[in-house]
Amino acid sequence: MAGRRAISALWDLLLQVGFFAAVLRVATPLLLATLGELLCERAGVLNLGIEGIMLLGAMTGFSVAYFTGELWLGILAALLVGALFGLLLGLLTVSLGLSQHVAGLGITMLCTGLSFYAYRLIFGQPGQPPHIEPFQTLPVPGLAELPWLGPVLFDQVPLVYLALLLVPLLAFLLYRTPWGLNLRAVGENPQAAASAGVAVFAMRYQALALGGALMGLAGAYLSLAQFNAFTFGVISGRGWVCIALVVLARWDPWRAAGAALLFGALDALQLRLQSSGAFGLPYPLFLMLPFLATILAMALLARSARAPAALLAPFRREER
Amino acid sequence: MSRLRLEPRASTPAWLGLALPLAALAATLILCSGLILLAGAGVLPAYQALASGAFGSRFNSFETLVKAAPLVFTGLAAALAFRARFWNIGGEGQLLAGAMAAAFIGSQAGLPGWALLPGMILGGAAAGAVAALVPALLRLRLKVDDVVASLMLNFVIYYAMLALLDGPWKDPLSGYPDSPDILPAAEYPMLWRASRLHLGVLLALLAAPALWFLVRRTTFGFALRAVGDNPRAAAHAGIRAGAVLLVVAALSGALAGLAGVGEVAGVHYQVMAGLSPGYGYTGIVVAMLARLNPLGVLPAALFFAAVATGAETLARTTGVPVFLADVIQGTALLCMLTALLFTSHRVRWQRRGGEAGH
């Protein structure tokens, strides 16, 4: 009886328009960071700095927006700081050819430390974390009034539109432009790409800078559009989930959108379940869901996934 | 225009082994001094305060040693796994698994008193081993990347722990989301009267040479180094890489689990949300700084424990945020990784045009 009531409550929830609008909102940072990671990996570099770069983006974006009162300046700062640490990872893994695993973890640790340090230095230890006036929704004229589709798709904050538009844009860049061809070549067979005259290092640096900027943006979305504040747990593993989402998406921007929406739905669902106190279960079980789902999804799909062939392999000019 | 060029070294001079970690640490402290200036403190006084906070008195030194113990275990766990190219980033989760097993066994009044400590140690090690076998098996059987799997498992185990503490395991006496205290007979004895220096510190000190012996002086150690250095050659030599990976994972997880046992039996006597301030992750840095040498883990763990204890004093006495310790950790990892390059390569500045086609 209780079980049936729970299931019907779940159905009611899934049929609400608000739920789908929420899915898109919580999927946006996942999508932005997944696209960023996808770019790096397509060029042959695994970016394990993602978790830290997102945190630093969230902190930088929030601090700049807090003191200037300009949300878009915060976004710009987050983009820049993300690109900067993407380039630092490039220095370590591309120019010096160091282990991508360890260098990425190092970037995450460094960015995490820097975020906490800077936040404490700027804001001290306030009883209540300072808040900003977050991004407001920007209804698309004409479309926002559509039934169901309007509130879900066309009544969101600008960054949601941006993330959604990035999917076709990146797909076009990757698959239809010489730049994209070069980027993919560098990730698949850097030796061949180099003999064909592609500047391997430059392509990888570009991918890392762009990818890092997207990760910083994803972090800033969380502090400027979702939580309206910076907290130490603002990322809490979202970056790591995105590493797995790239695998689930098989390194394709379109599938990345699908994977991010799927996990956004899972996240929105666990948030609803948590707040409704459903099933009387302890709330941490719901927080665990995305991570458990990631492991399961990887277990099901990793075997058939084919990563860019040169992922994790440093390219050294003299070893051509 | 000139450009940085890396040339492979024919051999590695012996003095580099000691000089590189020291150089990396020096570079780290210099790089981080900018942050100290930003906080409005003097660099030298700040590092002095850090050092005296870590070693200035017997109490402070003991605190540093107590913090070093879990780092030795998680450092050994990472060093062993990385040596065999098993990317175990799951030390944090394995530590928590070990801690939960220890806290559970240590609170069983039905067990005879003498069985409590051995039971906790074995149970904690086993729990850590099981937690580490999950990503190892996922990699072997299903080709799941071990970094991602072991990282995810950290969160799964952490939230599972919180769920237990919030539900069936909540301490009925305090009502806080903490586990019930372990029995007095389950506590590690103190090595020094009226101090916090517990048996786990001694165990950590002994574990390092034991692991060194295992890696450098046994057939199994040879196999794991072969798998780590050149999997293809190892396979030709008849070494079963899969079996080696599983044993390495179990051992690595057990070591991280022992870090958790020490935190429960020697420090907190219960499990709660803040049990580990990221010892599992710091262990990775410790292992790298030690160049994956089990004996090197001891000074490396001591260094990061000193930074952590010292940073607390530093934050109290000056305005430098305590998170300087975290920045030092990340910077040290990157500096050491870069320094390691010099063991296999030498760096030359090369004039553009010195070699055709570049």
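Before reading further, recall that the structure is shown in the block above.
Residues numbered from 1 in each chain as written. Chains lettered and ligands numbered in written order. Predicted model: local features only at pLDDT ≥ 70, side-chain atom pairs only at ≥ 80, totals over all residues. Heavy atoms only, no water.

K.L.:
Is there a simple way to think about the overall build of chain A in this case?
P.N.:
Each helix and strand in chain A was counted, giving 13 helices and zero strands. Helices and strands in chain A line up, N terminus first, as α-α-α-α-α-α-α-α-α-α-α-α-α. Based on the C-alpha atoms only, the size of chain A along its principal axes is roughly 70 × 45 × 45 Å. Relative to its 320 residues, chain A shows a buried fraction of 57%. For chain A, the exposed surface amounts to about 12800 Å²; the carbon and sulfur share of it is 68%. With 17 positive and 13 negative side-chain charges, chain A shows a separation of 9 Å between the mean positions of the two kinds. (Helix = DSSP H or I, 4+ residues; strand = E, 2+ residues; numbered from the N terminus. Buried < 20%, exposed > 50% of the residue type's maximum accessible area, 1.4 Å probe, protein only. Areas by Shrake-Rupley, 256 points an atom, 1.4 Å probe, with all protein chains shown as cover. Lys, Arg positive; Asp, Glu negative; His and termini not counted. Charge placed at Lys NZ, Arg CZ, Asp CG, Glu CD.)

K.L.:
Before we go on, may I ask you to explain unusual backbone geometry in this structure?
P.N.:
Among all residues save glycine, negative phi is the norm, and among peptide bonds the norm is trans. Despite not being glycine, Arg 250 of chain A shows a phi value in the positive range, around 45°. Tracing the chain through its elements places Arg 250 of chain A in the loop between helix H11 (238-248) and helix H12 (253-276). If you check the backbone angles, Arg 85 of chain B has positive phi at about 60° while not being a glycine. Relative to the elements of secondary structure, Arg 85 of chain B occurs in the loop between helix H3 (58-83) and helix H4 (91-106).

K.L.:
I would appreciate a short explanation of helix H7 (residues 199-217) of chain B in the present structure.
P.N.:
It helps to recall that an α-helix has 3.6 residues per turn; residues three or four apart then point in one direction. Residue and element names in this part refer to chain B. When the terminal C-alpha atoms of H7 are compared, their 27 Å separation across 19 residues agrees well with the 27 Å that a helix rising 1.5 Å per residue should span. Those residues of H7 that sit buried are Gly 200, Val 201, Ala 204, Ala 207, Ala 208, Leu 211 and Val 215. On the buried face of H7, the contacting elements are H3, helix H8 (219-229), helix H10 (241-268) and helix H12 (294-317). (Expected span 1.5 Å × (residues − 1). Contact = heavy atoms within 4.5 Å.)

Geometry only, nothing functional implied.
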